[in-house]
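So the chains spell out like this:
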Amino acid sequence: MTGLRDDGLRHPGLELESHREYDSAMATKSRSPKKPTKRTPTAGGDERKVKRSFTLDRKVDEEARRRIGARGLSAFVNDAIKRRLQGLRIQAWLDEREAIDGPIPDTAFSRIDDALKKAGF
Amino acid sequence: MRNAIVALDSGVLILAAKGDASARALLTRLRQEDALLVIPAPVLAEVLRDPSRDAGLHRLINDVDELAPTTAAVARAAGERLGATGLPPSCTVDAMIVATAMARRAAFIATTDPGDITALSGADLNVIGV
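Note that the coordinates shown come from a computational prediction; the quantities given were computed from them, not determined experimentally.

1. Examining the overall build of chain B
Part 1: A tally of helices and strands in chain B yields 7 helices and 5 strands.
Part 2: Scaling as 2.2 N^0.38, a compact globule of 130 residues should have a C-alpha radius of gyration of about 14 Å, and chain B matches this with 14 Å.
Part 3: Across its three principal directions, the C-alpha atoms of chain B cover 35 × 35 × 25 Å.

In structure tokens form, the structure reads like this:
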């Protein structure tokens, strides 16, 4: 495993030198009372940035640097996390709809599979 | 197709918000393929009417959380695309949806109106008819 500092912009009050500091800061933060936040849809990304430190498998780090370079890593990771988060939200939505509307019939999957195939998906 | 960017048109969003089985099957498959879902901004103008009755749509729009903006350049491209196809002015919003999806680099657009959307997309977007 290898430590990797994100090269995003600095966030006031959150300049950290190690993972331990980061974990400690986040633990402290998690004990503080939180104001409820409202997430609003973003158009083409949120321009506000925060600096984070995280750990990658050495093999993943080496391939990422080889394929996209160190400078593009933040955007790459941001995009990957964004996709995963959207996927989790959509899955939660699908689960809720299933509780309301029941399971999706096989006929609907067949219809959609045909449409996706026709579109070259 | 893994990791594709897929734009959703107004009809798909409305069906999904109602819990339609085909729309849910589509979102399930797109989720399984790690597609990034994108809503072109003109879709909002087509689907949102009454805040007191659009809760399902707002929920889905918030969960997708990827709105593609329609800039002046995109609007110009939409007009030119509409002119090239010979479709009537009533298809202006569809043209803006297609142009906005293209500007966001979507490879696919999922629609309940494959006829007009296919005509407007030409060879630039792959159309998923729902």
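2. Some words on the sheet that holds strand β1 (residues 5-8) of chain B
Residues and elements named next belong to chain B.
Part 1: The parallel open sheet is built from 5 strands, whose spatial order is β3-β2-β1-β4-β5. The open sheet is flanked by β3 (67-68) and β5 (126-129), the only strands paired with a single partner.
Part 2: Where β1 and strand β4 (residues 108-111) come together, 3 bridges link them in parallel fashion. The residue bridging Val6 from the neighbouring strand is Phe108, located in β4.
Part 3: Packed on one face of the sheet, helix α6 (residues 92-103) meets β1, β2 (36-40), β3 and β4 and runs near 140 degrees to β2.
Part 4: Where helix α7 (residues 114-121) meets the sheet, its contacts fall on β4 and β5, and the angle it forms with β5 comes to roughly 175 degrees.

3. Notes on the interface of chain B and chain A
Part 1: At the junction of the two partners, chain B supplies 32 residues and chain A supplies 27 residues.
Part 2: Among the secondary structure elements, those contributing two or more residues to the side of chain B that touches chain A are α2 (21-32), β2, α4 (55-64), β3 and β5 of chain B.
Part 3: No other element matches the 9 residues that α2 of chain B contributes to the side of chain B that touches chain A.
Part 4: Within the side of chain B that touches chain A, the residues separate by chemical class into 19 nonpolar, 6 polar and 7 charged.

4. A few points about the packing of helix α4 (residues 106-118) of chain A against α2 of chain B
Part 1: Running from amino to carboxyl end, α4 of chain A crosses α2 of chain B at an angle of 60 degrees, the nearest separation of the two axes being 8 Å. Our classification of the angle between α4 of chain A and α2 of chain B gives oblique. Note that α4 of chain A runs across α2 of chain B; the crossing there is right-handed. Mapping the contact onto sequence places Ala108, Phe109, Arg111, Ile112 and Leu116 of chain A in α4 of chain A and Ala21, Ser22, Ala25, Leu26 and Arg29 of chain B in α2 of chain B.
Part 2: In terms of residue class, the contact of α4 of chain A with α2 of chain B is made up of 7 nonpolar, 1 polar and 2 charged.

5. Examining the nonpolar core
All names here are of chain B.
Part 1: If you look at the biggest cluster of nonpolar residues, it comprises 54 residues, and the most contacted ones within it are Val6, Leu13, Val98, Ala101, Ile109 and Ile128.
Part 2: For this core, the element with the highest residue contribution is α6, accounting for 7 residues.
Part 3: When sequence neighbours within four positions are dropped, the list of residues in contact with Ile109 reads Ala7, Asp9, Val98, Ala101, Ile117, Ser121, Leu125, Val127 and Ile128.

6. Concerning the pairing of β2 of chain B
Residue and element names in this part refer to chain B.
Part 1: β2 sits mainly inside the fold: 5 of its 5 residues count as buried.
Part 2: Residues of β2 alternate between two faces, with Leu36, Val38 and Pro40 on one and Leu37 and Ile39 on the opposite face, all of them buried.
Part 3: Strand direction decides the pairing type here: β1 and β2, joined by 3 bridges, are parallel. Residue pairing in the sheet places Ala7 in a bridge with Val38 of β2.
Part 4: Pairing between β2 and β3: 2 bridges, direction parallel. Pairing of Pro40 across the sheet is with Ala68, part of β3.

Reading the values: the criteria
Residues numbered from 1 in each chain as written. Chains lettered and ligands numbered in written order. Predicted model: local features only at pLDDT ≥ 70, side-chain atom pairs only at ≥ 80, totals over all residues. Helix = DSSP H or I, 4+ residues; strand = E, 2+ residues; numbered from the N terminus. Rg over C-alpha atoms; globule rule 2.2 N^0.38 Å. Pairing = 2+ DSSP bridges. Contact = placed C-beta atoms within 7 Å. Axes fitted to C-alpha atoms, helices over the stretch in contact; angles between N-to-C directions. Nonpolar A, V, L, I, M, F, W, Y, C, P; charged D, E, K, R; others polar. Parallel < 35°, antiparallel > 145°, perpendicular 65-115°, else oblique. Left-handed = near helix turned anticlockwise from the far one by under 90°. Core = buried A, V, L, I, M, F, W, Y, C linked by C-beta atoms within 7 Å. Buried ≥ 20, exposed ≤ 12 C-beta atoms within 10 Å, placed from the backbone.

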